[in-house]
Amino acid sequence: MKIISKYLSIILMASCLAACADLDLNPLSEGSSENWYNDETEIEMSLNDLWRADFFPIDDVVWDDDWLNRNGSNEITLGTITSKSSIASTRWTALYKAITRSLKILDALDKGKASGVSEAKVQQYKGEAYFMLGCAYGTLSMYYGDCVLYKNPISLNEAYKATRSPKSDVLAFAYECLDKAAEYLPETYSGQQIPTKGAALGFKARFSLFSGDYQTTIDACQKCMNLGVYQLHSNYKDLFTTTSSKELMFYFQGDLSQKVGIGMFSCVKNFVIRKIGGFSNQCPSLELFCAYTCTDGLPIDQSPLYNPKDPFENRDPRLAYTIQPFKTKYSKDYAEYTQSKMDGTFPKKYPDYITLGYEYNPSPYATTVYEASSGKMVLNNDSKASNQHSVYNGILLRKYVKDDWANYNNYGLVSDNIFPYLRYAEILMSYVEAKNELGTITQEDLDKTINLVRARAYNGSGIQYPKVTLASQSELRKIIRMERRVEFPFESVRYRDLLRWHIAEKSYNKPMYYLNREWSGNANWNGKTGSESNRTLSSDFMVLLKNWDNGNFPIGGIPPIDKDGLPDLSGMQNAGYITTFYMMGFDKNKNYLWPVPADDILVNPNITQNPGY
């Protein structure tokens, strides 16, 4: 009976741990926590439950300027987040739940409450609890600034009187916790993912870089690099469909059997082609499309290699690994490309132009596309030639896409992709940025960081990567910022970068662009114009056809790239190539911090609100 009672208690506790209740600075009830953490099973169960995305918040892809969301804007892109927003309250609540649990575990271990736990296990559990504390407080500091800081378990009465501590104190404690975690945690593990020494150092580097503590960043990165545990995955494209890699330092993975996807992988139907029933209503932005340099390492507004009539030509390979490539009529091999679809050699010659079994061709003339399984040309649902709701800006996601995404309906619309929450490339890029900001960077620093990242991007392309060489601080700053953008899209990195660089007011206070909404008007259009057309085509659709004919698809021209690596597409809109979908907004006087949830201030008026909220 005692055994049954014990496991009933474990099941009940698991339910409590997984629940997302209203915020309470002591979220685990005092009654249950007094009767918990008494043995290895209870402590390990409580810790293992922390290693899920609920406690490591993922910034939504729709929050930054790398992504177009046809479903509309949101509180982050509009700058309208308030103290009652669920975005702010959910994150705050989850992190304080994790903090409370971690402190209770440490308290139990320090006081010897848990019986039968070996010293080795005590060290590991302490390391894991300190890791969670450091990550939670570091994350809170990034989004909220000053935070309620408590280093030991507190009562409900004490929680109701708590005040916010300065961000510097919160960060200092986060660093202290992550240092302890790095001391206690193993370098590697087997079986279920647990935090490691390198992950602790990596998160310390992330938080310190965000706060401009550059020497702290350099030291943490160097220690991580010296471990010799991590290395860049050999192929950039394959990294995002793999199930394991020495580059992945901390990650989350979905489960098809449970129909659970992490982050953006909770509904891949939004990203896939309409030909297989997808929506393709969320996709990479035109701004991101313009951010990739040419193969000489220069931005598209400086490189003589850039061909706006064939925008995939001579570009960093990561462009075609991230955004589904397509041919324009100005591509050098366009005639051969077209012929291969007639003679059946298309899949062998042009595999990169096939996604989920079909050619991707957004040409407004392309009424049909190649179907790989049959070798036939079939109706094109992903062009305005035959579908008004085809990809809204003409470009489609390729990064992360796996063959089994074609079967998304069988898995509740989710995929089991690994979400790379922290990977080794971030360590290398954080190190080089911190060195540059301190003005101590050397060519050796560049060669062991950003040049390794670039070399990997070009691996297998047959093209020599453009080596970054020593330059002025401002020149390197632009190179580093553009490199981060094209290395980490859709990895919960970009939004934080815009905040910490303090350029969000530039990136957000402008339109998000897409193509003219007009289409042929009928899926049976014959792809002809004038007297040969079987449809009367609108004047706006004729503009889209003209843009394709003149090589101005999807953006036309060459947009200027500013000192922060941000492209200006307003001239492309003025020329009639693209149009505004929605205006983004950002108030520099308040939006660099999130609001403290109103309910917490209501419960405890000693907690102050951030400016502007």
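All values derive from a computational prediction rather than experimental measurement.

**Student:** Explain helix α18 (residues 450-458) to me, and be specific about the residues and the numbers.
**Tutor:** For α18, the buried fraction is high: seven of the nine residues fall into the buried class. The set of residues buried in α18 consists of Ile450, Asn451, Val453, Arg454, Arg456, Ala457 and Tyr458. Positive phi appears at Gly460, one or two residues downstream of α18, with a value of about 90°.

**Student:** So, the packing of aromatic side chains: which residues are in play, and what are the values?
**Tutor:** Scanning the model with the defined rule gives 52 aromatic pairs in all. Consider the rings of Phe56 and Phe203, whose centres lie 6.3 Å apart with planes at 40°: the pair is tilted. Residue Phe56 is found in the loop between α3 (40-48) and β1 (67-69), and its partner Phe203 is found in helix α9 (residues 197-210); the two are separated by 147 residues along the sequence. Judged by its relative accessible area of 2%, Phe56 falls in the buried class.

**Student:** Describe in detail empty space enclosed by the protein, supporting the description with residues and values.
**Tutor:** Enumeration over the complete set of coordinates arrives at ten cavities of 30 Å³ or more. Taken as a whole, the largest cavity holds about 80 Å³ of empty space. Thr139, Met142, Arg206, Phe207 and Tyr421 are, among the 14 residues lining the largest cavity, the residues nearest its centre. Going through the elements one at a time, α6 (119-144) and α9 are the ones with two or more residues in the lining of the largest cavity. Here the element with the most residues in the lining of the largest cavity is α6; it accounts for five residues. Residues belonging to the lining of the largest cavity are distributed by class as follows: eleven nonpolar, one polar and two charged. By volume, the second largest cavity amounts to about 70 Å³. Lining the second largest cavity are Met142, Arg206, Leu209, Phe210, Glu426, Ser430, Arg484, Val493, Arg496, Asp497 and Arg500. Breaking the lining of the second largest cavity down by element, the ones donating at least two residues are α9, α16 (424-438) and α20 (494-500). Looking at the lining of the second largest cavity, its residues break down into four nonpolar, one polar and six charged.

**Student:** Tell me about the packing of helix α5 (residues 86-110) against α6, residues and numbers included.
**Tutor:** At a closest axis distance of 9 Å, the pairing of α5 and α6 adopts a crossing angle of 150°. With respect to each other, α5 and α6 are oriented roughly antiparallel. Read as a crossing pair, α5 and α6 show a hand that is left-handed. Grouping the constituent residues of the contact of α5 with α6 by class yields 21 nonpolar, two polar and three charged.

**Student:** So what about the pattern of salt bridges? Which residues, and what values?
**Tutor:** On inspection of all chains with the given rule, the structure shows 42 salt bridges. The residue Asp179 makes a salt bridge to Lys204 at a minimum N-O spacing of 2.7 Å. Taken as a pair, Asp179 in helix α8 (residues 167-184) and Lys204 in helix α9 lie far apart in primary sequence, 25 residues in all. Note that Lys402 is salt-bridged to Asp416, the shortest N-O span being 2.6 Å. Of the two residues, Lys402 is situated in the loop between β9 (376-379) and β10 (418-423) and Asp416 in the loop between β9 and β10; the sequence distance between them amounts to 14 residues. Here the two residues Lys402 and Asp416 agree in accessibility, since each one is buried. Salt bridges here are not isolated pairs; linked through shared partners, they connect Glu247, Asp316, Arg318, Lys399, Arg423, Arg454, Arg456, Glu483, Glu487 and Glu491.

**Student:** Could you give an account of the environment of Asn407, naming the residues involved and the relevant values?
**Tutor:** Within the fold, Asn407 resides in the loop between β9 and β10. Since its relative accessible area comes to 37%, Asn407 is described here as partly exposed.

**Student:** Which residues make up the confidence of the model for the chain, and what values do they have?
**Tutor:** Detailed reading of the predicted coordinates is not advisable wherever pLDDT falls low. Across the chain, the average pLDDT comes to 93, with 94% of residues at 70 or higher. Counting interchain partners and residues more than four positions distant, the pLDDT-below-50 stretch residues 1-31 has 50 contacts.

**Student:** An account of the side chain of Arg206 is needed here, citing residue identities and associated values.
**Tutor:** Mapping Arg206 onto the fold places it in helix α9. In terms of polar contacts, Arg206 uses its side chain to reach the backbone carbonyl oxygen of Tyr421, at 2.7 Å. Setting aside residues up to four positions removed in sequence, Arg206 forms contacts with Tyr421, Leu422, Glu426 and Arg496.

**Student:** How would you sum up the nonpolar core? Please name residues and give values.
**Tutor:** If you look at the biggest cluster of nonpolar residues, it comprises 173 residues, and the most contacted ones within it are Phe56, Phe131, Tyr137 and Trp594. If one sorts the elements of this core by residue count, α6 sits on top with 14 residues. The contact partners of Phe56, leaving out residues within four places of it in the chain, are Leu50, Trp51, Phe131, Met132, Cys135, Phe250, Phe252 and Tyr421.

**Student:** Tell me what's going on with the packing of α6 against α8, and back it up with residues and numbers.
**Tutor:** Look at α6 against α8: their axes get within 7 Å of each other, and the N-to-C directions meet at 155°. Between α6 and α8, the interaxial angle falls into the category roughly antiparallel. Our pair here, α6 against α8, has a crossing hand that is left-handed. On the side of α6, the interface is formed by Gln123, Lys126, Gly127, Tyr130, Phe131, Leu133, Gly134, Cys135, Tyr137, Gly138 and Ser141, while α8 contributes Lys167, Val170, Leu171, Phe173, Ala174, Cys177, Leu178, Lys180, Ala181 and Tyr184. Within the contact of α6 with α8, the residues separate by chemical class into 13 nonpolar, five polar and three charged.

**Student:** Before we move on, can you summarise the layout of surface pockets with the specific residues and values?
**Tutor:** Of the pockets and cavities examined, the second largest pocket occupies roughly 510 Å³. Lining the second largest pocket are 22 residues, and of these Phe312, Glu313, Asn314, Ala320 and Tyr353 lie nearest its centre.

**Student:** Residue-level account of the environment of Thr243, with values.
**Tutor:** Along the polypeptide, Thr243 turns up in the loop between α11 (236-239) and β4 (248-253). Apart from the residues lying within four places of it in its own chain, the contact partners of Thr243 are Gln253 and Ile418.

**Student:** Tell me about unusual backbone geometry, and please be specific about residues and values.
**Tutor:** With an omega of 0°, the peptide bond between Phe553 and Pro554 qualifies as cis. Within the secondary structure, Pro554 is located in the loop between α22 (539-549) and α23 (570-574). For Tyr37, which is not glycine, the phi torsion reads 60° and is therefore positive. Locating Tyr37 in the fold gives a position in the loop between α2 (30-34) and α3. Taking the relative accessible area as the measure of exposure, Tyr37 reaches 1% and is therefore buried. Of note, Ser280 is a non-glycine position whose phi angle comes to about 45°, a positive value. Take Ser280: it is sitting in the loop between β4 and β5 (282-284).

Basis of the calculations
- Residues numbered from 1 in each chain as written.
- Predicted model: local features only at pLDDT ≥ 70, side-chain atom pairs only at ≥ 80, totals over all residues.
- Heavy atoms only, no water.
- Buried < 20%, exposed > 50% of the residue type's maximum accessible area, 1.4 Å probe, protein only.
- Helix = DSSP H or I, 4+ residues; strand = E, 2+ residues; numbered from the N terminus.
- Phe/Tyr/Trp six-rings, centres within 6.5 Å; stacked < 30°, edge-to-face > 60°.
- 1 Å grid on protein atoms, 1.4 Å probe; cavity = no way out; pocket = protein on both sides within 12 Å on 5 of 7 lines; lining within 4 Å.
- Points joined across faces, edges and corners; volume = space filled by probe spheres on them.
- Nonpolar A, V, L, I, M, F, W, Y, C, P; charged D, E, K, R; others polar.
- Axes fitted to C-alpha atoms, helices over the stretch in contact; angles between N-to-C directions.
- Parallel < 35°, antiparallel > 145°, perpendicular 65-115°, else oblique.
- Left-handed = near helix turned anticlockwise from the far one by under 90°.
- Salt bridge = Lys/Arg side-chain N within 4 Å of Asp/Glu carboxyl O.
- pLDDT = per-residue confidence, 0-100.
- Contact = heavy atoms within 4.5 Å.
- Polar contact = N/O pair within 3.5 Å; in protein donor to acceptor, adjacent residues only side chain to side chain.
- Core = buried A, V, L, I, M, F, W, Y, C linked by side-chain atoms within 4.5 Å.

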